[in-house]
2 protein chains.
Amino acid sequence: MSNIREVARRSGVSVATVSRALKDPQMVSPRTRERVLKAVEEAGYRPNQLARNFSSGKSFAVMVLVPNIANPFFSKVIRGIEKAAQDQGYSVLLGDTKGDTAHEQFYAGMALTNQADGLIQLGGCYPFAEKDAALAASVPMVNACERIAEDDRYPVVELDNSGAAQALARHLIGLGHRRIGVITGPMKSPIVRDRLAGFEEEMQRHGLTLNTELVVNGEFTMPSGAEGAQKLLSSISAPTAIFCMNDEMAIGAIHQAKKMGLQIPTDVSVAGFDNIEFSQFTDPPLTTVDQPAEALGRYAMETLRQIIDGKPMKSSRTILPFDLVVRGSTDRYQD
Amino acid sequence: MSNIREVARRSGVSVATVSRALKDPQMVSPRTRERVLKAVEEAGYRPNQLARNFSSGKSFAVMVLVPNIANPFFSKVIRGIEKAAQDQGYSVLLGDTKGDTAHEQFYAGMALTNQADGLIQLGGCYPFAEKDAALAASVPMVNACERIAEDDRYPVVELDNSGAAQALARHLIGLGHRRIGVITGPMKSPIVRDRLAGFEEEMQRHGLTLNTELVVNGEFTMPSGAEGAQKLLSSISAPTAIFCMNDEMAIGAIHQAKKMGLQIPTDVSVAGFDNIEFSQFTDPPLTTVDQPAEALGRYAMETLRQIIDGKPMKSSRTILPFDLVVRGSTDRYQD
DNA sequence: CTGAAAGCGCTAACAG
DNA sequence: CTGTTAGCGCTTTCAG
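Residues numbered from 1 in each chain as written. Chains lettered and ligands numbered in written order. Predicted model: local features only at pLDDT ≥ 70, side-chain atom pairs only at ≥ 80, totals over all residues. Heavy atoms only, no water.

**What to know about the protein's contact with DNA strand D**
Turning to step 1, where the next piece is worked out: Taken together, 27 residues lie near DNA strand D, and Ile4, Ser19 and Tyr45 of chain A together with Arg20 and Thr32 of chain B sit nearest.
Turning to step 2, where the next piece is worked out: Backbone sugar and phosphate groups make up 61% of those atoms of DNA strand D lying within 4 Å of the protein.
Turning to step 3, where the next piece is worked out: The separation between a phosphate oxygen of DNA strand D and a polar side-chain atom of Arg52 of chain A is 2.6 Å.
Turning to step 4, where the next piece is worked out: A distance of 2.9 Å separates a phosphate oxygen of DNA strand D from a polar atom in the backbone of Ser29 of chain B.
Turning to step 5, where the next piece is worked out: At the level of secondary structure, the elements contributing two or more residues to the surface near DNA strand D comprise helix 1 (4-11), helix 2 (15-23) and helix 4 (49-56) of chain A together with helix 2 (15-23) and helix 4 (49-56) of chain B.
Turning to step 6, where the next piece is worked out: Residues that form the surface near DNA strand D fall into these classes: 11 nonpolar, 11 polar and 5 charged. (Near = heavy atom within 4 Å. Polar contact = N/O pair within 3.5 Å; in protein donor to acceptor, adjacent residues only side chain to side chain. Helix = DSSP H or I, 4+ residues; strand = E, 2+ residues; numbered from the N terminus. Nonpolar A, V, L, I, M, F, W, Y, C, P; charged D, E, K, R; others polar.)

**With respect to the interface of chain B and chain A**
Turning to step 1, where the next piece is worked out: Each partner contributes to the interface: chain B provides 56 residues, whereas chain A provides 56 residues.
Turning to step 2, where the next piece is worked out: Here chain B meets chain A over a buried area of about 5000 Å², counting both sides, of which 64% is carbon and sulfur.
Turning to step 3, where the next piece is worked out: Among the residues of chain B in contact with chain A, Leu50, Phe278 and Phe281 of chain B are the three that bury the most area, contributing 15% of the side total.
Turning to step 4, where the next piece is worked out: Across the chain B-chain A interface, the total number found is 6 salt bridges.
Turning to step 5, where the next piece is worked out: A salt bridge links Asp96 of chain B to Arg79 of chain A, with the nearest nitrogen and oxygen atoms 2.6 Å apart.
Turning to step 6, where the next piece is worked out: For the pair chain B and chain A, the interface holds 22 residue pairs in polar contact (both at pLDDT 80 or more). (Contact = heavy atoms within 4.5 Å. Buried area = accessible area lost by both parts, 1.4 Å probe. Salt bridge = Lys/Arg side-chain N within 4 Å of Asp/Glu carboxyl O.)

**Focus: the protein's contact with DNA strand C**
Turning to step 1, where the next piece is worked out: Around DNA strand C sit 26 residues in total, of which Arg20 and Thr32 of chain A together with Ile4, Ser19 and Tyr45 of chain B are the nearest.
Turning to step 2, where the next piece is worked out: When the atoms of DNA strand C within 4 Å of the protein are sorted by group, sugar and phosphate make up 64%.
Turning to step 3, where the next piece is worked out: One of the backbone nitrogen or oxygen atoms of Ser14 of chain A is found 3.0 Å away from a phosphate oxygen of DNA strand C.
Turning to step 4, where the next piece is worked out: One of the side-chain nitrogen or oxygen atoms of Thr17 of chain A is found 2.6 Å away from a phosphate oxygen of DNA strand C.
Turning to step 5, where the next piece is worked out: Counting only elements with at least two residues in the surface near DNA strand C, the list comes to helix 2 and helix 4 of chain A together with helix 1 (4-11), helix 2 and helix 4 of chain B.

**Let's talk about the sheet that holds strand 8 (residues 241-244) of chain A**
Residues and elements named next belong to chain A.
Turning to step 1, where the next piece is worked out: As summarised here, the arrangement of the 4 strands in space is 7-6-8-9, forming an open sheet in which the pairing is parallel. In this open sheet, the two strands that pair with only one neighbour each are strand 7 (215-217) and strand 9 (269-271). Geometrically, the sheet is characterised by an average inter-axis angle of 15 degrees between neighbouring strands, direction not taken into account.
Turning to step 2, where the next piece is worked out: As judged from the 4 bridges shared by strand 6 (residues 180-184) and strand 8, these two strands associate in the parallel manner. Bridge pairing in strand 8 links Val182 to Phe243.
Turning to step 3, where the next piece is worked out: On top of the sheet, helix 8 (residues 161-174) reaches strand 6, strand 8 and strand 9; it is set at about 165 degrees to strand 8, its chief contact.
Turning to step 4, where the next piece is worked out: Running over the sheet, helix 9 (residues 190-205) touches strand 6, strand 7 and strand 8 and is turned about 170 degrees from strand 6. (Pairing = 2+ DSSP bridges. Axes fitted to C-alpha atoms, helices over the stretch in contact; angles between N-to-C directions.)

**Concerning the environment of Asn68 of chain A**
Turning to step 1, where the next piece is worked out: Mapped onto the secondary structure, Asn68 of chain A falls in the loop between strand 1 (61-66) and helix 5 (72-87).
Turning to step 2, where the next piece is worked out: Expressed as a C-alpha distance, the spacing of Asn68 of chain A and Pro285 of chain A, which sit 217 residues apart in the sequence, is 24 Å.
Turning to step 3, where the next piece is worked out: Within the structure, Asn68 of chain A has its side chain in polar contact with the backbone nitrogen of Ala70 of chain A (distance 2.9 Å).
Turning to step 4, where the next piece is worked out: Here the side chain of Asn68 of chain A touches Arg79 of chain B through a polar contact of 3.0 Å, side chain to side chain.

**Thoughts on the sheet that holds strand 7 (residues 215-217) of chain B**
Residue and element names in this part refer to chain B.
Turning to step 1, where the next piece is worked out: Spatial ordering of the open sheet is given by 7-6-8-9, a layout of 4 strands whose pairing is parallel. The open sheet terminates on both sides in strands that have one partner only, identified here as strand 7 and strand 9 (269-271). Mean inter-strand twist for the sheet, computed between neighbouring axes without regard to direction, equals 15 degrees.
Turning to step 2, where the next piece is worked out: As paired elements, strand 8 (residues 241-244) and strand 9 share 3 bridges and run parallel to each other.

**Here we look at the relation of the copies chain B and chain A**
Turning to step 1, where the next piece is worked out: Rotating chain B by 180 degrees and translating it 0.0 Å along the rotation axis places it on chain A, where the RMSD comes to 0.1 Å. Here the copies are linked by what is in effect a two-fold axis. No C-alpha of chain B lies nearer the rotation axis than that of Leu93 of chain B, which sits 2.4 Å from it.
Turning to step 2, where the next piece is worked out: A high fraction, 100%, of the interface residues of chain B reappear at the interface in chain A, so the copies pair face to face through one surface. (Least-squares fit on C-alpha atoms with pLDDT ≥ 70 in both.)

**So, the side chain of Asn114 of chain A**
Turning to step 1, where the next piece is worked out: Among the secondary structure elements, Asn114 of chain A is positioned in the loop between helix 6 (101-109) and strand 3 (118-121).
Turning to step 2, where the next piece is worked out: Given a relative accessible area of 17%, Asn114 of chain A falls into the buried group. (Buried < 20%, exposed > 50% of the residue type's maximum accessible area, 1.4 Å probe, protein only.)

**A word on the pairing of strand 5 (residues 155-159) of chain A**
Residues and elements named next belong to chain A.
Turning to step 1, where the next piece is worked out: With respect to burial, strand 5 is a largely interior element, 5 of its 5 residues being buried.
Turning to step 2, where the next piece is worked out: Along strand 5, one buried face is formed by Pro155, Val157 and Leu159 and the opposite face, lined by Val156 and Glu158, is buried too.
Turning to step 3, where the next piece is worked out: As paired strands, strand 5 and strand 11 (residues 316-320) are joined by 5 bridges and run parallel to one another. Paired with Pro155 across the bridge in strand 11 is Ser316.

**Re the pattern of salt bridges**
Residues and elements named next belong to chain A.
Turning to step 1, where the next piece is worked out: Under the defined criterion, the tally for this structure stands at 36 salt bridges over all chains.
Turning to step 2, where the next piece is worked out: For Asp132, the salt bridge goes to Lys131, with nearest N and O atoms at 3.4 Å.
Turning to step 3, where the next piece is worked out: Each of Glu6, Arg9, Arg10, Lys38 and Glu42 takes part in salt bridges that share partners, so that together they form one network.

**Details of the UniProt feature "domain: HTH lacI-type" (unreviewed entry) in chain A**
Turning to step 1, where the next piece is worked out: In this structure's numbering, the residues bearing the UniProt feature "domain: HTH lacI-type" (unreviewed entry) are residues 2-56 of chain A.
Turning to step 2, where the next piece is worked out: For residues 2-56 of chain A, helix accounts for 71% and strand for 0%, while the C-alpha atoms at its two ends are 21 Å apart. (UniProt positions renumbered as here; feature names shortened; annotations may be inferred.)

**Observations regarding the packing of aromatic side chains**
Turning to step 1, where the next piece is worked out: Under the defined criterion, the tally for this structure stands at 14 aromatic pairs over all chains.
Turning to step 2, where the next piece is worked out: Aromatic side chains Phe73 of chain B and Phe74 of chain B sit 5.5 Å apart centroid to centroid with 50 degrees between the ring planes, which places their arrangement in the tilted category.
Turning to step 3, where the next piece is worked out: Phe73 of chain B gets classed as buried once you look at its relative accessible area, which sits at 6%.
Turning to step 4, where the next piece is worked out: Pairing Phe106 of chain B with Tyr107 of chain B gives two aromatic rings, centres 5.2 Å apart and planes at 80 degrees, and the pair type is edge-to-face.
Turning to step 5, where the next piece is worked out: Residue classification places Tyr107 of chain B among the buried residues on the basis of a relative accessible area of 5%.
Turning to step 6, where the next piece is worked out: Within the aromatic cluster, the residues linked to one another by ring pairs are Phe199, Phe243 and Phe273 of chain A.
Turning to step 7, where the next piece is worked out: Looking at Arg195 of chain A, its charged tip hangs above the ring of Phe273 of chain A, at a distance of 3.6 Å from the centre. (Phe/Tyr/Trp six-rings, centres within 6.5 Å; stacked < 30°, edge-to-face > 60°. Lys NZ or Arg CZ within 6 Å of the ring centre and 35° of its normal.)

**Considering the packing of helix 1 of chain B against helix 3 (residues 30-43) of chain B**
Residues and elements named next belong to chain B.
Turning to step 1, where the next piece is worked out: Close contact between helix 1 and helix 3 brings their axes to 9 Å; oriented N to C, the two are set at 125 degrees. As the angle between them shows, helix 1 and helix 3 are arranged oblique. Regarding helix 1 and helix 3, the two cross each other, and that crossing is right-handed. On helix 3, the residues that touch Glu6, Val7, Arg10 and Ser11 of helix 1 are Arg35, Val36, Ala39, Val40, Glu42 and Ala43.
Turning to step 2, where the next piece is worked out: Taken together, the residues of the contact of helix 1 with helix 3 break down into 5 nonpolar, 1 polar and 4 charged. (Parallel < 35°, antiparallel > 145°, perpendicular 65-115°, else oblique. Left-handed = near helix turned anticlockwise from the far one by under 90°.)

As structure tokens, this is what we get:
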């Protein structure tokens, strides 16, 4: 690997000039520039970015903490992050936490050792170890998709979760459903609570109540959706519609309902959340809430960038718009 | 951010001793060690990994080039890579190439500027720009899942694609199917050709021929699977079974077949490849070939690590075993 | 416009 | 066992 000194030697100038010719071409005379570039060519020289970063005290990398990379919704968010990162000259370090605290702390710790200039947390937990909290206070971080409970030190980029749940409730109620079940995500997640609250609120607005027996817990996975549906549909007062808090659970629920001999949407309507690509290909296609996943990612990255560049990190909320996508999995309730 | 000098000052030793106390504790006396650790604590010191890396001339990061991060199969591979990377003290830089040459070259280029110590290419193309080929020759790289056509300089970790396709063919033929259609991936991909060749070979072994009109091209996406199925199923000599070269296309094909009023597997059997989690939840559940995705990733990372550590990079093939998973989407052909 | 030199934070000889 | 010192490759003053 040839270095800047080698290029300096070949072109008969100082290393400083080489550095300038490469970074700030108009700072050197055209003749010199040309000579340097020629030498660069001949030497097959590529600036050592590692050294550059070290010298500048920044890594130009951001760490992305993702609860589950196998979830296509998060993949899309990551795409948005990556695109924006690339535009800004940053690289993306991936940290698949699997919802596990040890993993989160491990990856988040990389921002404490200058391996990342900032953090994007797609999960809903404070990612640092408690003992690192003091140091961590100054690392640029933004929350996207999720929101760290009881912690408003960080900017958040999220969906209007409550509004989306309301829209979905309105849709189902409008179809004549009165007994509606919900398969939630982990209840410690603020956005799960937002969605539940929004849903309930809308039901109440229509004079309906959300029967707590018809609210079951899921974990944003297909098997947990199937399990939830099994519980709901085998109860005496089975719901005529089920709102699942993500598409994966909805897919699991549809699967389970069919297994139990029910037809969708004739016997039971099912709705999801996220609008992952698979939701178009279920049978029937899934009614769901579209989240602008890439935009969420892009926004998060841009916000993070500003903080890295010195803008004070403070609580803020960016709410992106949702879109209710009605497909075949929900239909009028027939008595 | 406090640095090693600060700790040295606080503990009254030299920076070298601090360095040693942290990296190689038994090289310093217990008393010194203790004093240093105390100072570290007090100063809230974390070694600057960026500086460490720079000093050692390595980034301890690997770049992973993935054709499509939204494909759950690749997500699983990445999980395997990440797990292994973490075990070995490496971090993972993500490069979602979207199959685009410019993106590939951009991300691959990061290995040329010391931002990554090596590359894992999950796609089937030579990722460097031609003009960088000379420099690139020495960057550690391994190919996983795919294989770079006509290039045997790199180790490859892959599946027995031909064997898997043969097993699938045997399965379908055993069910009585004679007119079998195939929806391939991009034909420039070596593994697509492997699968096709294996499939055809097995058919011939049974005295059957693969009608070229029943082979259509797909792009590993659900829409392209639907499109392929549309072509196949609307032809005069429609196949009684369709082999799709990944699960996404199979999901698209099932969707399309149903749309055309066909029942699966009664009217047409459909099989996929990869065994992504969604394939268990299609209706009917998908017969497919399980690839040990995480193991593929882990193996690739371990192989790459050896090369980074000095083992000569040379052509090699690691073939991982597949597993034919028979589910409800394939059944006996009824005349 | 260009060169000399300091320095980023850490590691690793080399002495002692 | 510990300290001194010389880098790692680049950027960035500061002079000229």
